[in-house]
Amino acid sequence: MCSNARNKHKTVPNQGSLSIMLKQMVVDFMKCMIVQIHWLFDIIVDFCFGLYYDSKVQRVPPVKNKLLLESGCSLAKKIREGTVSAEEVVRTFIDRCKEVNGLLNTIVVECYESAIKEAQEVDKLLKTDVDREILRKTKPYLGVPFTTKESNEAKGLKHSMGMICRRDHISTEDATVVGLLKEAGAIIIAKTNIPEMNLWIESRNNVYGQTNNPYDTTRTVGGSSGGEGAIVAACGSAISIGSDIGGSTRIPSFCNGVFGHKPSEGTTSTKGIGMRSENSRDTMVGVGPMCKNAEDLLPLLKIYVGENISMLKLDSQVDVKNLKVFYQVSSGDIRSSSVSKEMRSTLMKAVRHFEQVTGSATKIKMPGSEYSYRIWRYWMTQEKGDFRHLITNRKSVTSARAEVMKLVSCQSELTLAAILKLSDMDFLPQENADWARFVTSTLKKFLLDKLSDNGILLYTSSPNSVPYHYASYLKPFNFGYFCLFNALRFPVCQVPMGLDRNGLPTGIQVVAAPYNDHLCLAVAKELERAFGGWVPPS
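In this text the structure is predicted, and so the values were computed from the model without any measurement.

Enquirer: Whenever I open this one, helix α7 (residues 176-183) confuses me. Can you help?
Expert: Note: α-helices contain 3.6 residues per turn, so residues at a spacing of three or four share the same orientation. Buried within α7 we find V177, V178, G179 and L181. Summarising the contacts, the buried residues of α7 are in contact with β2 (145-149), β6 (239-244), β8 (286-291) and α10 (297-305). Just beyond α7, the residue with positive phi is G185, at close to 100°.

So, in structure tokens, the structure goes:
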């Protein structure tokens, strides 16, 4: 009897245990309430924005010339073989830029005349007895038109960074990656719009204005490579150069339904990207391709990595049947929106496909993914350059207080996004460094153990569909789904997965362990084969 009493006593929680259980129940309840309130808030935001915008929807006109639909690789092959002239290709894309730009406001700096002259020189070269096979290897994109974002330096073209104080600044040399693509034979035809200093998730500034989405002009194109995403999707550019410090390549790729890849840490030069005058390997920034067709991802990345090509395994053959596949639907961050049914369905389509291809797909929860934004926010403080200094074009050091006062008196030259960035730096408490480094290390180790050299993670791109203009100010933490992998320095490819019920692009992210970019690109090609990839906006 005494023994039974003792056993009974063991099953009764002590006062400390009850207290812990009670606290956990309260915390769980509060989290649940926050999620529900956030869900309701998002519905109200979308409803109100819809009332204003839905009657104003426009889309770009249909493509008339089928050359615009082809990949850069295909165009280069036709130019080399003489099926079409470089001049015709370049003029065709320039005409498309002119056709759509009044609606989109994506081209902000053009060099059409010089591009046509370059194309004519290419045609002259091809009329000689030059070895076509050597050209294929040394200039794989000979005669193919490309664009890049305004913040990437291109010799002789404006480089304002979307800042009024730099509106007349002209680059004296190319960014390294721009130079590499030119050396590969590609011809620059224009530069496209960005947010001020590249630091916002919508492409709008006080120099060039706002860029509109080709699928629905009331929606954002994302940022910071938003102009690139829009012009590639609208068929005004065959191939593109994006840069990514917090999703800046992948967010616009998602919003505009194209492919965009952020490469592994330290594999692409940052010289001439933004206001960087030298290359740095210790950075979250990666320069990668944006394109309509998955077959351009690999050859473009080979060009962009330049002399660092030995760091990657881009010539390795990938049998997707042998991949280990993992997936995660939600980050768990209660400050971001709940993952919608449509976005969940998009991810699960890819998951089910790879379950059939490989035989299995494992659901995981990355430890610390609920702190995605906070982790990235900390690592942004470790990047070189002081935003307070850079935003004045290095002429002085400003502050949130000073810019808010100017804003109130209608004298500020900065966008609201830039002022919010200053406010975050000056007014809000910063992340604890030890905590941020520990969470980052734990998360990175978890993923490295899972992915190894033969694994990929399928991850949600965004909790919701492409937002209306300005709506991102009310959903600022949603980009945590993208910026997490900048903090981890992992390669990620944004893959288009068709259109949603409103005709807006949707997609997923494909993640691999560092320096296994080739796995991301192989999966991107497989998903394009299975689901069709990019869909023309008209």
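On we go from here.
Enquirer: Help me out: how do you make sense of unusual backbone geometry in this one?
Expert: Glycine aside, negative phi is the norm for most residues, and most peptide bonds take the trans geometry. Look at the link from G223 to S224: it is a cis peptide, with omega at 10°. When you line up the elements, S224 lands in the loop between β5 (209-210) and α8 (226-233). The phi dihedral of C235 falls on the positive side, at around 70°, and the residue is not glycine. Along the chain, C235 turns up in the loop between α8 and β6.

Enquirer: What exactly am I supposed to notice about the side chain of S336 here?
Expert: With respect to the secondary-structure elements, S336 resides in the loop between β9 (324-328) and α11 (341-358). Separated by 3.0 Å, the side chain of S336 and the backbone oxygen of D333 make a polar contact. Sequence-distant contacts of S336, defined by excluding residues within four places in its chain, comprise H38, S331, F477, N478 and Y481.

Enquirer: Would you explain the layout of surface pockets in this entry?
Expert: Vacant regions in the atomic arrangement are exposed by a probe of water-molecule size rolled over the atoms. Within this model, the second largest pocket holds a volume of roughly 650 Å³. Around the second largest pocket sit 24 residues that line it, and D46, S340, N464, S465 and R501 are the ones nearest its centre. When residues of the lining of the second largest pocket are traced back to their parent elements, those giving at least two are α2 (15-53) and α11. Take the lining of the second largest pocket: its biggest share by element is 4 residues, from α2. Here the residues of the lining of the second largest pocket are counted per class, giving 8 nonpolar, 6 polar and 10 charged.

Enquirer: Would you mind going over α10 with me for this structure?
Expert: Taken residue by residue, α10 has L297, L300, L301, I303, Y304 and V305 as its buried positions. G306 occupies a position one or two residues after α10 and carries a positive phi of about 55°.

Enquirer: Just checking my understanding: could you explain a nonpolar patch on the surface for this structure?
Expert: A cluster of nonpolar side chains, contributed by W39, L40, I43 and I44, occupies part of the molecular surface with about 390 Å² of accessible area. Its place among the elements puts I44 in helix α2. Taking the relative accessible area as the measure of exposure, I44 reaches 45% and is therefore partly exposed.

What counts, and at which threshold
Residues numbered from 1 in each chain as written. Predicted model: local features only at pLDDT ≥ 70, side-chain atom pairs only at ≥ 80, totals over all residues. Heavy atoms only, no water. Buried < 20%, exposed > 50% of the residue type's maximum accessible area, 1.4 Å probe, protein only. Helix = DSSP H or I, 4+ residues; strand = E, 2+ residues; numbered from the N terminus. Contact = heavy atoms within 4.5 Å. Polar contact = N/O pair within 3.5 Å; in protein donor to acceptor, adjacent residues only side chain to side chain. 1 Å grid on protein atoms, 1.4 Å probe; cavity = no way out; pocket = protein on both sides within 12 Å on 5 of 7 lines; lining within 4 Å. Points joined across faces, edges and corners; volume = space filled by probe spheres on them. Nonpolar A, V, L, I, M, F, W, Y, C, P; charged D, E, K, R; others polar. Patch = residues over 30% accessible without salt bridge, like charges linked within 9 Å, V, L, I, M, F, W, Y side chains within 5 Å. Areas by Shrake-Rupley, 256 points an atom, 1.4 Å probe, with all protein chains shown as cover. Salt bridge = Lys/Arg side-chain N within 4 Å of Asp/Glu carboxyl O.

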